[in-house]
Structures are given as structure tokens and as C-alpha cells.
Amino acid sequence: MGEVSKLFNIPITTLRHYHNKGIFKAGYIDKDTGYRYYFSDQFELLNNILNLRYSKIPLDRIKEYTENGDISLLKSIFSEQKEELERSINELECAKKSVEERLQYIEKIKKIPDFEKILIQHMEAEQIFTIDKEFRKECDLEILVRELGEKTNFSHSLTLGNVGLFMKPNSEYREYAGVYLINKNFKDLLNVSLKTAGEYLMIYFKGKRESSAKYYKILEKYIKDNNIETEGLFYEIALVSTSISHTEKEYIRRIEIKKK
């Protein structure tokens, strides 16, 4: 067995496994020592098995082929495996895309210009799916976020700064008016609206949602002091939270409202 292991560059444990599965049995087993011997005319079969394994063919299908193999069966096995590999490639491509999006997102948040300062920035239009339901408690927010994922089938998109909160202007800034999900690919869904393009007053700050009221009031004061007309609700979004970092001092949020 050791010689075959070296010749084909495969572990002895693999040869034992193939033997036990009945895929590639030793030609002779010494009753006294238990040593397994293989004959040279078995090497072609082992080569075939290794080639099939290279194509990720499951062992049970290889066993079926080695016992009853013909061209028709081999074609069927390869056709099935081609479909399985294509599914795996698609899954890996989706996983790769997700990783790339995460990296791009991290680079984007590293470029945030200023914290705790009023900024005016142009924002492009975005599709948003909304749930208009007032809430205060964190547990109620979690329920609404789960509802967003269920209603849109975009649960995988709930971690990349795409979930936001609505707040009514000139309020106590304790009770939110609802939640929304940003995505470019909504199709045939009710409650989808357009967050219009335009100039937005905004403020970035570090902290958790419990700190938000302070920054709403800062924005509100700036708007009043500068006689700025605004329209619509405030939008608040967590850019960095537990889905990105478990270090609270790295949490980043943004509050914005559209100028008329």
C-alpha cells in the first residue's frame, strides 16, 4: 500500500477509505500482517478514480461507475456533475460579489469628510421600500427590520448601511415614524417609493441610536438659524454598527433632510 501511495501521491488513509467503500479494493491482503497488495493491472482503475475525484464526482457515483460502468452511465454522471458545479460556481460568484461589496463599503466609510458638522451634499435618487409604523424601543426596531427582509426578500442586504429610519421634523426626536430599505433591484413591490435626488443637509456622528436626538436638534437649530426650507422627513441610517464592527467607538450614523 505504501508503494502505491507514493506512486500516485495519495495518502494511505485515502486508499484505505477507497477499499472500505468498495471502490478500489486491494488485489490481495496478507492474512497474517493485514498488509494490502495492489497489482499493476489495477493502476488504470485507480487513475480513473482519481480523475473522477478531480472532477469532484461523489464517491457513491464513482462506486456505481466502477461496478457497472459504461459510456451512457459516465455521460450521465458528468452531466449531473456539470450542473452541480455550475450551481457551486454561481454560489461562489455571489459570495465573491458580497465580499467585494463589503470591501468597497469599508473603503467608502473611511472617506467620510467630517463628524459632528453640518454638511450640504448632493444625493442621487434611491429606491426605498418603506414600512410606516411608529416605534421607540430597540426590540420594536428589530421586528420591523425582520419584516423589511421578509417582505422584500432582501435579507442579505440588511447589513451594508441599507436600512434607515424615518423621523418627523420638529418633534421630540424620540419616536421614529418608520423604517426603510435602500435597494436598486426592487421589482413589483408595493410600498416602494423614490428618495428624490437633490441637496441634503446632513450630519455624521459616532455613537449608537440612543445618541441621535442630540444631532437632530443640532440640525434643527442650524435649519432655523439659517432660514433654510426643507421638505419631507429626516432620514437616519447606521453606516457602521454591529454588522461591521463590535467596537462601539467605531459606530457611525448619518442624519439627513432634503432642502427645498
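Look above for the structure.
Rules used in this analysis
- Residues numbered from 1 in each chain as written.
- Predicted model: local features only at pLDDT ≥ 70, side-chain atom pairs only at ≥ 80, totals over all residues.
- Heavy atoms only, no water.
- Helix = DSSP H or I, 4+ residues; strand = E, 2+ residues; numbered from the N terminus.
- Buried < 20%, exposed > 50% of the residue type's maximum accessible area, 1.4 Å probe, protein only.
- Contact = heavy atoms within 4.5 Å.
- Phe/Tyr/Trp six-rings, centres within 6.5 Å; stacked < 30°, edge-to-face > 60°.
- Lys NZ or Arg CZ within 6 Å of the ring centre and 35° of its normal.
- Axes fitted to C-alpha atoms, helices over the stretch in contact; angles between N-to-C directions.
- Parallel < 35°, antiparallel > 145°, perpendicular 65-115°, else oblique.
- Left-handed = near helix turned anticlockwise from the far one by under 90°.
- Nonpolar A, V, L, I, M, F, W, Y, C, P; charged D, E, K, R; others polar.
- Patch = residues over 30% accessible without salt bridge, like charges linked within 9 Å, V, L, I, M, F, W, Y side chains within 5 Å.
- Areas by Shrake-Rupley, 256 points an atom, 1.4 Å probe, with all protein chains shown as cover.
- Salt bridge = Lys/Arg side-chain N within 4 Å of Asp/Glu carboxyl O.

Asks: Let's hear about the environment of Phe 135: which residues, and what values?
Replies: As for its placement among the helices and strands, Phe 135 is situated in the loop between strand S4 (126-131) and helix H6 (138-152). Judged by relative accessible area, Phe 135 falls into the buried class, the value being 3%. With 116 residues separating them in the primary sequence, Phe 135 and His 19 have C-alpha atoms 64 Å apart.

Asks: So what's going on with the side chain of Thr 130? Which residues, and what values?
Replies: Note on placement: Thr 130 falls in strand S4. What makes Thr 130 buried here is its relative accessible area of 10%. Not counting residues within four places of it along the chain, the set of residues in contact with Thr 130 comprises Phe 166, Val 179, Tyr 180, Asn 191 and Ser 193.

Asks: I'd love a proper account of the packing of aromatic side chains, names of residues and values included.
Replies: With the rule as written, the count across this model stands at 13 aromatic pairs. Ring geometry for Phe 135 and Tyr 176: centres 5.3 Å apart, planes at 15 degrees, overall stacked. Placement of the pair is Phe 135 in the loop between S4 and H6 and Tyr 176 in the loop between strand S5 (163-167) and strand S6 (178-182), with a sequence separation of 41 residues. Put simply, the rings of Phe 166, Tyr 180, Tyr 200 and Tyr 235 touch in pairs and so form one group of aromatic residues. The positively charged end of Lys 195 is found above the aromatic ring belonging to Tyr 200, 4.4 Å away from the centroid. For Lys 195, the ring lying beneath its charged end belongs to Tyr 235, and the centroid distance is 5.0 Å.

Asks: For the packing of helix H4 (residues 59-68) against helix H5 (residues 71-109), give the residues involved together with the corresponding values.
Replies: Taken N-terminus to C-terminus, the directions of H4 and H5 make an angle of 170 degrees; their axes are 10 Å apart at the nearest point. Of the possible angle classes, the one that applies to H4 and H5 is roughly antiparallel. Here the hand of the crossing between H4 and H5 comes out left-handed. Across the interface between the two elements, Arg 61, Glu 64, Tyr 65 and Asn 68 from H4 touch Leu 73, Leu 74, Ser 76, Ile 77 and Glu 80 from H5. Of the residues in the contact of H4 with H5, the class split is 4 nonpolar, 2 polar and 3 charged.

Asks: Lay out unusual backbone geometry in plain terms, naming residues and giving numbers.
Replies: With a phi angle near 55 degrees, Asn 170 is a residue other than glycine that sits in the positive phi range. Here Asn 170 shows up in the loop between S5 and S6. Its relative accessible area of 59% is what places Asn 170 among the exposed residues. For Asn 227, which is not glycine, the phi dihedral falls at a positive 50 degrees. Inspection of the secondary structure assignment puts Asn 227 in the loop between helix H7 (212-225) and strand S9 (230-240).

Asks: Just give me the short version of the side chain of Ser 245, but keep the residues and values in it.
Replies: Secondary-structure assignment places Ser 245 in the loop between S9 and strand S10 (252-259). Those residues in contact with Ser 245 that sit more than four places away from it in its chain are Val 240, Glu 250 and Tyr 251.

Asks: So what about a nonpolar patch on the surface? Which residues, and what values?
Replies: A cluster of nonpolar side chains, Tyr 28, Tyr 35, Tyr 37 and Phe 39, forms an exposed patch at the surface whose accessible area comes to about 390 Å². For Tyr 35, the location among the structural elements is in the loop between strand S1 (28-29) and strand S2 (36-37). Note on Tyr 35: relative accessible area 31%, which makes it partly exposed.

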